[in-house]
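# Reading the structure
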Amino acid sequence: SCAGPVESKTEAAMSELVPEPRQKPVVPTKPMGINTSLLGYIGIDTIIEQMRKKTMKTGFDFNIMVVGQSGLGKSTLVNTLFKSQVSRKSSGWNREEKIPKTVEIKAIGHVIEEGGVKMKLTVIDTPGFGDQINNENCWEPIEKYINEQYEKFLKEEVNIARKKRIPDTRVHCCLYFISPTGHSLRPLDLEFMKHLSKVVNIIPVIAKADTMTLEEKTEFKQRVRKELEVNGIEFYPQKEFDEDLEDKTENDKIRQESMPFAVVGSDKEYQVNGKRVLGRKTPWGIIEVENLTHCEFALLRDFVIRTHLQDLKEVTHNIHYETYRAKRLNDNGGLPPMTVETEENHESNL
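Residues numbered from 1 in each chain as written. Predicted model: local features only at pLDDT ≥ 70, side-chain atom pairs only at ≥ 80, totals over all residues. Heavy atoms only, no water.

## Considerations on the confidence of the model for the protein chain
The condition is simple: As a per-residue measure, pLDDT tells how confident the predictor is, with possible values from 0 to 100. We call two residues in contact whenever any of their non-hydrogen atoms come within 4.5 Å of each other.
Averaged over all residues, the pLDDT of the protein chain equals 80, while 81% of them reach at least 70. In this model, residues 9-18 is a region of pLDDT below 50 whose contacts with residues beyond four sequence positions or in other chains number two contacts.

## Structural notes on the nonpolar core
How we decide: Working definition of a nonpolar core: buried Ala, Val, Leu, Ile, Met, Phe, Trp, Tyr and Cys residues. They are joined through side-chain atoms within 4.5 Å. Buried, partly exposed and exposed residues are distinguished by accessible area as a fraction of the type maximum, computed with a 1.4 Å probe on protein chains only: under 20%, between the cut-offs, and over 50%, respectively. A run of H or I in DSSP becomes a helix once it reaches four residues, and a run of E becomes a strand once it reaches two; helices and strands are each numbered from the N terminus.
Core analysis: the biggest nonpolar cluster contains 76 residues, and Phe62, Leu175, Phe192 and Ile203 have the highest contact counts within it. In terms of residues, this core owes the most to one element, helix H9 (residues 309-331), which gives seven residues.

## Some thoughts on a nonpolar patch on the surface
Spelled out, the test is: The patches described consist of residues with a relative accessible area above 30% and no salt bridge, like charges being joined within 9 Å and nonpolar side chains (Val, Leu, Ile, Met, Phe, Trp, Tyr) within 5 Å. All accessible areas in this document rest on Shrake-Rupley with a 1.4 Å probe, and a residue is counted as covered only by the protein chains that are shown. The salt bridge definition used is simple: a Lys or Arg side-chain nitrogen within 4 Å of an Asp or Glu carboxyl oxygen.
On the surface, a cluster of nonpolar side chains totalling about 650 Å² of accessible area is made up of Leu38, Ile42, Ile44, Ile47, Ile48 and Met51. Mapping Ile42 onto the fold places it in the loop between helix H1 (3-17) and helix H2 (47-58).

## Some details on the environment of Glu113
When you line up the elements, Glu113 lands in strand E2 (residues 106-114). The sequence separation of Glu113 and Gly59 amounts to 54 residues, and the corresponding C-alpha distance is 9.5 Å.

## With respect to the sheet that holds strand E1 (residues 60-67)
What counts, and what does not: Pairing between two strands requires that DSSP report at least two bridges joining them. Fitted lines through C-alpha atoms serve as axes, helices being fitted only where they are in contact, and the angles separating the N-to-C directions of these axes extend from 0 to 180 degrees.
Reading across from one edge, E2-E3-E1-E4-E5-E6 is the order of the six strands in this open sheet, with mixed pairing throughout. In the strand order of this sheet, the two ends are held by E2 and strand E6 (261-262), each with one partner. As defined by bridge partners, strand E5 (residues 202-206) adjoins E6 across two bridges and the pair is classed as parallel. Counted as the bridge partner of Ile206 is Ala262 from E6. Across the face of the sheet, helix H6 (residues 214-230) comes into contact with strand E4 (173-178), E5 and E6 while running at roughly 150 degrees to E5.

Structure follows, in structure tokens:
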């Protein structure tokens, strides 16, 4: 009889220890200070410039993963996004290259510089995904890879002697390529997004959109949105992480109108009206990749690079990584198990 209250106490303690699975980011409240009129120039306005100089010196990391069946133009699209040969197949397709029997993960790093801003870009390719007769659980190696990067970051973070800047290999963005069937999503698409939408920022993309008419494209986009909603799949930008009304308005427009982006990729240039443009040549004309009346590539590029790149990194760190970290530390009673390597480091530090 006396075991009852003890059990309930331990249960209460346990429930206190278990973290909320996906906590909403805390939006800082605006300080209720009195606006003080300054009698002269102080220089507070230089803080932004100081931050800019610091970040320019260190540069930026961005890790983008591409997932989808072979033949959907994943490599071409990534090359088009960054206007350079950054994907593994950029040297041309090798006829002897066989379809991998299982999903492989290939990460290629590049340093891209534009206007004095350096970005260390890593493109993570997943050849073999969705190409087999039996594609059961083919997302598992991808989920394992994503979690391994969180684990690597966590181990660096809990070291006694931490690096000033932990190398960031975490996947910030996953472009998921949907086949332009015009019908509905395949069970594989739904299963992948169900399993991985909780651990990574997924941006759904309809590949090779030039194979559909404008009406088919609009209809297919609406159908995909509906299917994702019915199946409870949250893609980036997730509604629950909109920080303020401005974010919500902007992101609602993207979620309800643009997603999933119907895109065409090309790394070939053609002459159109005296201008050099990226495009695809067809018997009835040239499809201009960056022309919004032809496809939504420009919208995708602006979204991933020009408006939401920093937010993709923040959601990865503050939400997906935090969820992994809280679960991992809770499972191990505080810290990841010490390996021989970490024990040696610990002794040498002492």
